[in-house]
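Structural description and commentary
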Amino acid sequence: MGAHPFHQAVSGATLAAAFDEAVQQAQREYGENSYSGSVGMKEEVLLFEEPPRSRDEARARADELIAADDERIRDKWGPAGALPLHPVDGQPHWLLFGWVAS
């Protein structure tokens, strides 16, 4: 089987809570198949300690990290990456990204 990159904006009180909700939602929508091609396959998330960005800027940065084959997110079975986004109405947001099996 192959792999493809993914990107998903999430919000929550904490990154852990936002990630858990994204995983649960993806598993409800796509099932728990290890080849669903969604964030529902990920078990952990790694925060990239960078300044908050707009969603478009974060997507471009995530694409740079994916294209550079950054070792922190290169494994389709490894952690998802997370970049901080600008808060919306005081609510923290992140862009989840990385590789998933498909």
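From a predicted model like this one, the values you see are computed outputs, not experimental measurements. (Residues numbered from 1 in each chain as written. Predicted model: local features only at pLDDT ≥ 70, side-chain atom pairs only at ≥ 80, totals over all residues. Heavy atoms only, no water.)

**Overview of the overall build of the chain**
On a plain count of helices and strands, the chain comes out with two helices and four strands. Ordering the α and β elements of the chain from the N terminus gives β-α-β-α-β-β. For a compact globule of 102 residues, the expected C-alpha radius of gyration is about 13 Å, and the chain comes in at 13 Å, within 12% of that figure. Projecting the C-alpha coordinates of the chain onto the three principal axes gives extents of approximately 40 × 30 × 20 Å. Per-residue burial over the chain gives 39% buried out of 102 residues. Across the chain, every contact between residues at least 6 apart in sequence was considered, and the portion connecting residues at least 24 apart equals 73%. Summed over its atoms, the accessible surface of the chain is roughly 5700 Å², and 47% of this surface lies on carbon and sulfur atoms. If you average the places of the 9 positive and of the 17 negative side-chain charges in the chain, the two averages end up 3 Å apart. (Helix = DSSP H or I, 4+ residues; strand = E, 2+ residues; numbered from the N terminus. Rg over C-alpha atoms; globule rule 2.2 N^0.38 Å. Buried < 20%, exposed > 50% of the residue type's maximum accessible area, 1.4 Å probe, protein only. Contact = heavy atoms within 4.5 Å. Areas by Shrake-Rupley, 256 points an atom, 1.4 Å probe, with all protein chains shown as cover. Lys, Arg positive; Asp, Glu negative; His and termini not counted. Charge placed at Lys NZ, Arg CZ, Asp CG, Glu CD.)

**Overview of the nonpolar core**
Counting residues in hydrophobic clusters, the biggest one holds 16 residues, and the most contacted among them are F6, V10, F19, V39 and L96. Elements with a minimum of two residues in this core: strand 1 (3–11), helix 1 (15–30), strand 3 (80–88) and strand 4 (91–101). A per-element tally of this core places helix 1 first, with six residues. Those residues in contact with F19 that lie beyond four places of it in its chain are V39, K42, E43, E44, V45, A80 and L96. (Core = buried A, V, L, I, M, F, W, Y, C linked by side-chain atoms within 4.5 Å.)

**Here we look at the environment of A13**
Examined against the element boundaries, A13 turns out to sit in the loop between strand 1 and helix 1. Take A13: its relative accessible area is 65%, and that puts it in the exposed class. Considering only alpha carbons, one finds A13 and Q91, 78 residues apart in sequence, at a separation of 6.9 Å. Apart from the residues within four sequence positions on either side, A13 is in contact with Q91, P92 and W94.

**Topic: the side chain of H93**
Its location among the elements puts H93 in strand 4. In terms of polar contacts, H93 uses its side chain to reach the backbone carbonyl oxygen of Q91, at 2.9 Å. Sequence-distant contacts of H93, that is, excluding residues within four places in its chain, are made with V10, S11, L83, P84, L85, H86 and V88. (Polar contact = N/O pair within 3.5 Å; in protein donor to acceptor, adjacent residues only side chain to side chain.)

**Quick notes on the pattern of salt bridges**
Inspection of every chain in the model, using the stated rule, returns seven salt bridges. Between R53 and E50 there is a salt bridge, with the nearest N and O atoms lying 2.7 Å from each other. Each member of the pair, R53 together with E50, is buried. Within the structure, one salt-bridge network assembled from shared partners comprises E50, R53, R61 and E64. (Salt bridge = Lys/Arg side-chain N within 4 Å of Asp/Glu carboxyl O.)

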